[in-house]
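Analysis of the macromolecular model
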Amino acid sequence: MQTKLRQSGFTLVEIAIVLVIIGLLLGGILKGQEMITQARIKNVVNDFNGITAAYFSYQDRYKAAPGDDRQARTRWGLNFGGANGNQDGVVGAAGAGYNGTPMTPKAVPHHPAAPVTAAEENTNFWQHLRIAGFVAGPNQGAGSTTQPPNAVGGIIGVQTGGMDLNGLIVCSSNIPDKIATAVDTQLDDQRPSAGILRGQLQASANPNTSTAATDYVEDGTRQYLLCKNL
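All values derive from a computational prediction rather than experimental measurement.

Structural notes on the packing of aromatic side chains
Applying the stated criterion across every chain yields a total of eight aromatic pairs. Where Phe-125 meets Trp-126, the ring centres are 4.9 Å apart and the plane angle is 80°; that geometry is what we call edge-to-face. As far as burial versus exposure is concerned, Phe-125 and Trp-126 are alike and both buried.

What follows is the structure, encoded as structure tokens:
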């Protein structure tokens with residue numbers, strides 16, 4: 001008597017169930033990635049708006065710009081480790097970029113409160129805002145004058161002029177192309193070479209500012225430096 005061999009395998013129903021599960025997993029991953037991207041867009045936008053608000057709040061309270069304030073050491077005491085600006089109405093100096101080296105806190109008790117150099121005001125800016133309580137972060141010692149990080153692994157800094165913008169500007173670096181486009185759309189006109197927010201295509205991390213890009217290109221590999229008037 002001949003025995004029939006029974007072949008094992010998946011039924012169409014089982015295959016359909018597996019495909020549905022794979023589809024749900026892929027959909028969840030893609031949705032999760034989109035949620036992360038949207039959160040980063042929101043964080044970058046909030047950084048620009050929050051720093052603008054902090055800057056004007058400081059000016060309103062102390063009648064001087066953070067970093068440029070010549071009464072800082074007198075107001076908060078010599079031991080806090082900060083330094084005065086020269087209060088010439090300009091934060092920083094021509095050529096002093098948003099990505100400049102953080103200044104060494106000048107903790108010199110019982111010593112005359114000499115102002116920092118104009119170039120150092122760019123990072124002195126952050127300690128003044130932190131001591132005043134307008135920006136989070138250490139307000140004394142190492143790190144107190146360091147530019148804060150943004151949500152995409154770059155830094156946020158200020159400088160005077162750049163990218164065809166005048167006056168004090170705030171810059172945020174290493175912004176992925178998709179996020180850069182969305183941020184410019186929300187805050188300005190979606191054009192990197194016009195308006196109150198400009199974009200520069202980066203060739204390296206945290207670059208110095210130069211000429212604005214002509215357009216945003218979303219290919220998943222590009223990063224932009226975004227700068228905005230305060």
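Next comes the rest of the write-up.
Thoughts on the nonpolar core
By size, the foremost hydrophobic cluster in this structure holds 33 residues, and its most contacted members are Phe-48, Phe-125, Trp-126, Val-183 and Leu-226. Put simply, the parts of the chain that give this core at least two residues each are α1 (12-62), α3 (121-132), β1 (156-162), β2 (165-176), α4 (177-187) and β4 (223-229). Per-element tally for this core: the top contributor is α1, with nine residues. Val-183 has contacts with Ile-41, Val-44, Val-45, Phe-48, Asp-188, Leu-197 and Leu-226, leaving out every residue within four places of it along the chain. Judged by nonpolar contacts, the second largest core, of eight residues, contains Met-163, Leu-165, Ile-169 and Cys-171.

Section: the sheet that holds strand β3 (residues 197-201)
Hydrogen bonds along the backbone pair up the strands of a sheet, which may run parallel or antiparallel. Within the open sheet, the four strands sit side by side as β1-β2-β4-β3. Their pairing is antiparallel. In the strand order of this sheet, the two ends are held by β1 and β3, each with one partner. In this sheet, neighbouring strand axes are inclined to one another by 30° on average, regardless of whether the strands run parallel or antiparallel. Direction of pairing for β2 relative to β4: antiparallel, over a ladder of six bridges. Within β4, the position partnered with Cys-171 by the bridge is Cys-227.

Reading the values: rules and limits
- Residues numbered from 1 in each chain as written.
- Predicted model: local features only at pLDDT ≥ 70, side-chain atom pairs only at ≥ 80, totals over all residues.
- Heavy atoms only, no water.
- Phe/Tyr/Trp six-rings, centres within 6.5 Å; stacked < 30°, edge-to-face > 60°.
- Buried < 20%, exposed > 50% of the residue type's maximum accessible area, 1.4 Å probe, protein only.
- Core = buried A, V, L, I, M, F, W, Y, C linked by side-chain atoms within 4.5 Å.
- Helix = DSSP H or I, 4+ residues; strand = E, 2+ residues; numbered from the N terminus.
- Contact = heavy atoms within 4.5 Å.
- Pairing = 2+ DSSP bridges.
- Axes fitted to C-alpha atoms, helices over the stretch in contact; angles between N-to-C directions.

All we've got here are geometric facts, nothing functional implied.
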